[in-house]
Each structure stands twice: as C-alpha cells, then as structure tokens.
Amino acid sequence: MHQALAPNNRRWTRLGLLTGTIALFGAGSAFSQDQANPGGAPPAAAPAPTVPGANPDFPPHTKVLEGYEPVVSRSENGQSFYKVYHRKKDGQLLAELPKDFASIKQFIALTVASGESYAGLQAGELYCYWRQYDKRLALIEPNIEIRSTGDKESKDSVARLFTDRVILDVPIVTWVPKGGPVIDLDELLLGQAGKFFGSRAQGMNKNLMAVKTAKAFEHNVEFGIEVPVSDGQLRTLHYSISRIPDAAKSGYKPRVADERIGYFTTYYTDFGQFEPGKTRVRYINRWHLEKADPKLKLSPPKEPIKFYIEHTTPIRYRRWVKDGIEVWNKAFENIGIVNAIEVYFQDAASGAHMEKDPEDVNYNFVRWLNNGVGTAIGPSRVHPETGQILDADIILTDGWIRHWWQQYNEIIPEVALEGYAPETLSWLYQNPDWDPRIRLAPPSKRADLLAARAANPNPPELGGHPIAKVDGAMIGDQEYDGLLGRYSQVNGLCMAANCKTHGIAQMMMSLDAVAEGEGGDKPGEGGDKPKDDGDGEQMVDGIPESFIGPLIIDLVAHEVGHTLGLRHNFKASSIYTYEQINSDELKGKKPFTGSVMDYIPVNIVAGGKDAKRGDVGMIDIGPYDMWAIEYGYTFESDLKPILDRVAEPELAFATDEDTWGPDPLARRYDFAKNPLDFANNQMQLAREHRGKLLDKFVKDGDSWAKARRGYLMTLRSQTQSLSMMSNWIGGTFINRDKKGDKNGRAPIEVVPADQQRAAVDFVLANAFRDDAFGLNPELLRHMTIDKWWDMENQFDSPSWPVHDAILGIQASALTALMNPSTLSDVYDNEFRIPADQDAVTLPEILQKVRDEVWSELNNIPDGAQYSARKPFISSLRRNLQREHLSRLIDLTNPKIATAAPASRPISDLSAAEIGVIRGKIEAALAKGGLDPYSDAHLREASKRIERVLDARFVLQR
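Figured I'd write up the structure that's included with this text. Here the structure is a predicted model, which is why all the values come from computation and not from measurement.

## Observations regarding helix α9 (residues 422–430)
An α-helical turn contains 3.6 residues, so a residue and the one three or four places further along point in the same direction.
And step 1. All of the buried residues in α9 are P422, T424, L425, W427, L428 and Y429.
And step 2. Its buried side turned inward, α9 meets α10 (436–439), α11 (443–455), α22 (802–818) and α23 (820–832).

Spelled out as structure tokens, the structure:
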C-alpha cells in the first residue's frame, strides 16, 4: 500500500503489496474516487461498440468462445457479475464483463488459499474499475486519498493534481453483441498475478496451472488458481471479484471517529477545508447494521452479521469458538438489536455449508490453521469511501494451545523492551552495551549482531522499533501490520494468543509439578490434579477443559472484536486491583478487566490450594466493549452523551501507539490496577516452580532438558515482571478526556511518588540479588538441552551459560532504570509537580541503585576472612557492579547522554555517584581480609574511577 508523507511528495512504501506492484488502499490509490465528484462514478470510458462488427479488430465472439463451456451462475435468477467461460482441456478461462462495466466500481479480495503456513489469511484487496483504451482494458485505482468538499476551484484543482492510477491492462479478445468485452482471465489472474500477490506469486510455472475454483454469482465471481511457485510449492491464489456497494445508494451513513474510543479508521484528506482539525476526516470501520423494524425497542437485524466456523476447526473446540463469537450479541442488544451475530458450523461430515468458499468476500469465516504457529488474527475488509465493513475472516492456529515451550532466546529480549519508545531504541542502537537486544541475545549470535551494527552505525528507522519494520507484503508477520500506511486500517497482527501461551505453560508447570494426592493448582480453585480417567475433569489435548475452554472463548471474543471494528485497549486491565480480581466479588460474576481487547495474562495464582483465585480468563465482554459498540452502532444521532462518559474508570482506553508512551498502564501483558501485586505473584510462582523442577516437574523417563525449559519459563515471567514495573519510573498517566467532558481529568498526571518508589524497589530486589534467580549447583548440573541435527540449537552449549544469562537480565534492568530517556522523564516530572509536594528525583534514583548494587560495601564485618571459594562479593554481584560502574561512567559523558535534555545534571550526578563508590571501595580495601576475587575486583574498580574523574577534570578545565 502507499503511504502519503505529503500531498505533493509521496513516498511509495511496501505496505499492502510490494513496491511496483498493486498498491492497496494507499496514496494515489485504492481509496480514490473522481476528485471532482467524490463518491460519484469513475471518469467516463471511451464509448464501447455495441456490435462486434463495428470494430473489425475484434473477432466474432462465437469463434473465440468455441470449445468453452459457460460457468453456470449459482444465483437464483441465473445472473452473474461476470459471465465466465471454461475450457476443460487446458483450464483456460475467459470472462465477459458487464456491458456497463465502465460505471461499476469493483472490489477484488485476494487470499492465498493453500500452499503456505498462513493460507487463508486475507492477503489484500483492491478497489478499482475498468476503463477501455481502444482494444485494451485498463484496471484503475481511483484516487480518493485527497478530496475536496470546498468551492469549485478547489475541487477542480484537486481533480487535476491527484489523478487515478493504472494498475495493469489486458487485451480485449472479443466483444459480445449487446453485451460486454471479453478478457482472457489467464492473462489477468496468472499473467498479472505478481501485481496482485507480489512475491508470493514469484516464479510461477504457468504451464502447470490448474483451476481449483470457478464460480459465478449475481454480484461476484470466485476464482482459485493452483500453480507451482518459484520453489515448486503448489499454491492456490484466490480472487474474489465483486460489485462494491454504491456508497451513495446503500443507505450506510459513515460515523466520524473519536480518539476517546478505539476503532480502526478509514480516512481521507479534505483540501477544501482550512479549519485545523477538519482537513483530515476519519470514519470508524463498522458493519451496516439496521433494525428490521425501527419502531421496535428490540428488533432483529435487517441483515445479521453471519460467521461460519470452518470445518477444519477441531470438533472439541467448536462450541467454545461459537460462544466467543456470540458473546458480543449482548452489546448489540444493548442498542436495540437482538441476535445481531449469527453463527453456523461448516461441517464436512454432513455437508453443511461446504459449498461456501471461505475466501468468498460474501462470507465471514473463522478458520483454523494447523501450522504450529501461536497466533490469532481478525482482519476485515471495508468500503474505502465510508469505512463500512464488507468482509471479515478470523484465523485461529493450533500453536498457542500445543506449543507450551517457546524460543525464550527470542521472547525474553522482546518482553524486556516492552514500552521502549523509538527515541530510546535509537539511543540503545548506538550504545549496544546498554541494549537488551544485544545483552540478552544468545552468545552464539551476539558477535554477528554487533558486526551488523558496526557495518551500519546509523540506527535503522525509529531505532528498530517494530512499527518501522512493517512492509505489508503479508499481514500477520509484523507487529503493526494493518495500521501503518493504510487509509483503511485493519488488524494485521494480534499477539493476544502469545499471552495465552505463556499462561498455559505456567498452568501446565503447576500441574506437572503436583504429586499424586497433593493439593495443587487446579485452574480456578484448589484441588487434586485433574485426571482424564473418568474420575476427574475432562482433559482436552492434555489441558483441563475448565481451563482451555474459557481461554478459547476469551481469545475468539478478542478477534471478533477486531472484526467489529475495535482496536486494542491496553489500559483495560487496570480497572480492578489484583485482590479484587481474585475475590468472590468478581469471580464468576463480572469480567475482571474493562475489555477483551487487551492482551490479558492468564490468571494463575501462586500460593497452592489455599490461595484465593479468580477466573482464569475473561468470562464476558467488558464495560468498555459495551460502551464502544454503543458509540459505533447506536441509532441515536446525538453521540455526546455516550462520549461524555470517558472519565468513568471502567472505560479506560489506550491502544497500540500508546504502548511506547509514558503511561505505565498502557502496556501489553500487564495486569490489574496495581501491577506490583501481579508482579509479586509472578515472582512467587517462579519460586514455587523452581523449587519443584528436579523432583516433580521432570518425571521418570523425561529428558533433563525439560528442567532447563522449565527454568527458562520462570525466567520469562521474571523478566516480564521487571520490564512491567520499570515502566512506572518517570511515568505519567495519560487521559483522553476533552475539555467539557463530565468529570474531565487533566490529560497528563504524574505517577504518584510512592508507586514509583515501590517499582524501583521491586526491580532492585528481583534483578540484582543472587537469591532472586533461584539457582543452585544441583539445578545447574541438570539444566541441559536435547540435541538433534534437525533442531535449531546445534551450537548451543549443553551447559547453561549462567553468568552470561543472569548478567544479561541485570544489564537490561540497569538499562530500564538508568537509560537517559527514563532519567529525563524523572527530571521533567520534577518540574511538573509543585515544589512543596513529594516527587521522585534524579539523585534519589541514582542513589537507590548504587546502594543496592554495592550493598556489600555498606556494612563490612570486622575481622571477617574470605576465600576464593567463599568470596566477599559473589561472582554474579561482581559482574553486576562492573556493569553498573560502566553505566555511570558512560553517563558522566554528556555527549553519550545527548538523547536526554537532562544530560548535564545526569553527567554531574553520575560523577558524584562514582566518587561515593570509590570512597566505599577504599574503606573496604583498608579493612583487609578480602578474597582474591573481591580484592582484585575492587582495586580495578577504584583505578577505573580514578582515571575517569581525572579525565573529566581535565576535559572540563
């Protein structure tokens, strides 16, 4: 798709399809219409001959169609959008376009139907029309990015400057009398496939083409072409070509978007407007839902939203998938529509609905992919002029359920970076010793990563933030797919399933660690370990039914929310305290967050059978979901009373672009109004699981590699908790209230000082102390790996690199506490708070970290004797102290901290800190009795400090 950086300076990006191929819904592009007549017909085409003989260059249609059989329309009236002809001997396809083709706007929905791991996921769409140029037809994208609702002069100028774009052209092979032109579909669908599907159609062997689907309906035609691509893989490319609803005649009324409620949007720029805020027009994406009887308070819909659950969905999961879809009906009933959503099962055994193609734009499917990937995505296609949702297809995969073990070498760096802004990531790129992407990388890959940075010292766009990596060639492979560079947004990637995967892993660890007859962590309550022998709970794929069922409902409801137009709400998990979430007040009675559109962790509670436990997942849609549907779908014309509720605590909202901002509650994977309690629970779970790894978690006959995998699971929980709490330091709560809203709040509120201090204390206690990691010689002797040539760990050491791994986490924690962006936020917040009120300060943060890291020097016993086997300072702590000292030395140089407006005070305070450390070191060395390791370590640290302070003095003279 295209992205317009400026109206007269467009940068074509690879968002939608590849550069040089069809660009979907972008600048110059798929959202376009006749600029002088927004919403009107495409520009007039050259007049079409009504009789083939009028143009001798067209051969008689009877001769051209000889040997072809018509594809019979499946419409009740026998009419079809295109008249399709098929020659069986070689699979050749021809199509006769409607005689009024030049005035018809079309919608081409693209799907790779088979031959790749994400087959079935929407692959793009094109809003277009045909125009005749003598003996050829051009497929054209109308340009509706730039419009004008101003005076005639403005409209004329816009129409001249921002013109439509030719995508491709094909020859007219004949013309049917009193009908339309005939085109060669092989030329269009195969010969031009690269312009539709980009690299996914690269290297096709057209000689081995097979027609898998050729169907004709009154308003659409469906084509599925199987062809081997460059590597020989057979791949089916499906085209759904339909007549798009006329925006002016359909009765659909666009609804303007509002930032207080999170909907995907369709937007355009109106150069006929000059008032700030009116130049960019945004409509929410939503379905066209109407009451069958507007006079009724509660009425069925005129046309319900229908979902079909694909026959590949395992029978054992189907009822939960259905429940996850239908849970949204209560939100529509709240605005007067009963049974707005209907659900049907496609079933291979009975044949029910098997005639329906999931790729057909007329049907909304929930598809199940057995691809081993842990994800779920709910994209939709919309009318590019209005935001009306036309089609939605959800994919669910099996990986999040059966893949309890993840590649933690990749996951841990990701969770450590949660909440980092592009500015911080850019600074980290230029200072790799601070960068968790380097420090937490496997040792075998670290050198390559550093070499790549040395070869390209300039940080990538936005410091490597995921939003800069979006290419759109295939949605579902980048975190912000569907949001960037499109004029009509879509849910292109969703990681809600990833959050569920970790919760399942935690639960399975709890169950595996329970001895027979011992009270364990049965989901939701205390009790014995579930069995599948008829005496206990039903197990589904090795997981208790009472656990996996609600999680499937939760996940499906999340993805259905996307297909209704809703964006993520990453602040929804903050409406209740952790104690309330696990209380009788909520359990089984109310959903424990404000919205299913958050990434909500599975609620696994530590403490054994006596701990109070709430629901493991959402039991219903939340109050924010009800509110959002009311705003988007209500029939009331006055929306102000709805929006006026923005300050109600249960309606808290923040979305994807807020996750790298200053609000610590706008985060993925956090939980509760007081995430510190959740973080402490995660650490308690980690301790409980670590204590059972060897004697209960690893069973007789298991590989000892299971112990290492189990430990890394707990390390992920620990790292995620550290990352979650470090976001509170220097944080501010962000509110979306507008002036005049009822009970309106200030848009920026500094996080209270006591909450920031508690967050600092959590990080210090759970990242810098040796006992926080639960390691001992016996555990380390058993933390090995399985090695097979067909696995990715051939070069990993069977002995877990304990010092390197722990230092990586500690270094990441130091980065979170001491990076210039965080320190600058602390410094700015000091200015935001009146001087007579309590506030966290830069000196306080730096001193707290120093006191914890060098705590051994605060109280040295008289006459103590240490040895190399029993050192004064442990090996893990010596590594930590060297790392901390390096960080302070870096910060003494204002040029290194150039990212921070507070670089000079940071530099001065850091120099003062290392001076204090030096004094403590000298006192410790004077007492004597130190072991060789600690003595050498402290002497070297003292020399480093002396050289730094001397150099700083010389430089500043």
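## Structural notes on the side chain of R708
And step 1. Relative to the assigned elements, R708 resides in helix α19 (residues 705–726).
And step 2. Within the structure, R708 has its side chain in polar contact with the backbone oxygen of P798 (distance 3.2 Å).
And step 3. Setting aside residues up to four positions removed in sequence, R708 forms contacts with M783, T784, I785, S797, P798, S799, W800 and P801.

## Structural notes on the packing of aromatic side chains
And step 1. In the structure shown here, the tally under the stated rule is 26 aromatic pairs.
And step 2. Taking 6.5 Å as the distance between ring centres and 55° as the angle between the ring planes, the aromatic pair formed by Y263 and Y631 counts as tilted. Taken together, the residues span a long stretch of sequence, with Y263 in the loop between β14 (234–243) and β15 (265–270) and Y631 in helix α15 (residues 623–633) at a distance of 368 residues. In terms of burial, Y263 and Y631 fall into one category: buried.
And step 3. Where F570 meets Y599, the ring centres are 4.8 Å apart and the plane angle is 75°; that geometry is what we call edge-to-face. Linking F570 in the loop between α13 (545–563) and α14 (578–581) with Y599 in the loop between α14 and α15, this pair joins segments that are 29 residues apart in sequence.
And step 4. Taken together, Y308, Y344, Y363 and F365 form an aromatic cluster joined through their ring pairs.
And step 5. The ring of Y268 has R147 lying over it, and the distance from NZ or CZ to the ring centre is 3.8 Å.

## Here we look at the nonpolar core
And step 1. Core analysis: the biggest nonpolar cluster contains 177 residues, and I325, W328, F332 and L564 have the highest contact counts within it.
And step 2. Setting aside chain neighbours within four positions, we find W328 in contact with I341, A557, V560, G561, L564, L566, V596, M597, I621, D625 and I629.
And step 3. Judged by nonpolar contacts, the second largest core, of 44 residues, contains L110, V112, L189 and M209.

## Comments concerning the pattern of salt bridges
And step 1. Using the criterion set out here, one finds 58 salt bridges in the structure.
And step 2. Across the pair D620 and K330 runs a salt bridge, and its minimum N-O distance is 2.9 Å. Of this pair, D620 sits in the loop between α14 and α15 while K330 sits in helix α6 (residues 329–333), placing them 290 residues apart in sequence.
And step 3. Salt-bridge contacts for D656 lead to R567; the nearest nitrogen and oxygen are separated by 3.3 Å.

## Quick notes on the sheet that holds β15
And step 1. Strand order in the open sheet formed by three strands is β9-β15-β16, with mixed pairing between adjacent strands. The sheet terminates laterally at β9 (146–147) and β16 (280–284), the two strands that pair on one side only.
And step 2. As paired elements, β9 and β15 share two bridges and run parallel to each other. The residue bridging I146 from the neighbouring strand is T269, located in β15.

## Topic: the pairing of strand β7 (residues 122–133)
Sheet faces and side chains relate simply in a regular strand, where the side chains alternate between the two faces.
And step 1. Most of β7 is tucked away, with 11 of its 12 residues classed as buried.
And step 2. In terms of strand pairing, strand β6 (residues 106–114) meets β7 through six bridges, oriented antiparallel. Bridge pairing in β7 places L110 opposite G124.
And step 3. As judged from the five bridges shared by β7 and strand β8 (residues 136–141), these two strands associate in the antiparallel manner. Across the sheet, Q132 pairs through a bridge with L137, a residue of β8.

Definitions and cut-offs
Residues numbered from 1 in each chain as written. Predicted model: local features only at pLDDT ≥ 70, side-chain atom pairs only at ≥ 80, totals over all residues. Heavy atoms only, no water. Buried < 20%, exposed > 50% of the residue type's maximum accessible area, 1.4 Å probe, protein only. Helix = DSSP H or I, 4+ residues; strand = E, 2+ residues; numbered from the N terminus. Contact = heavy atoms within 4.5 Å. Polar contact = N/O pair within 3.5 Å; in protein donor to acceptor, adjacent residues only side chain to side chain. Phe/Tyr/Trp six-rings, centres within 6.5 Å; stacked < 30°, edge-to-face > 60°. Lys NZ or Arg CZ within 6 Å of the ring centre and 35° of its normal. Core = buried A, V, L, I, M, F, W, Y, C linked by side-chain atoms within 4.5 Å. Salt bridge = Lys/Arg side-chain N within 4 Å of Asp/Glu carboxyl O. Pairing = 2+ DSSP bridges.

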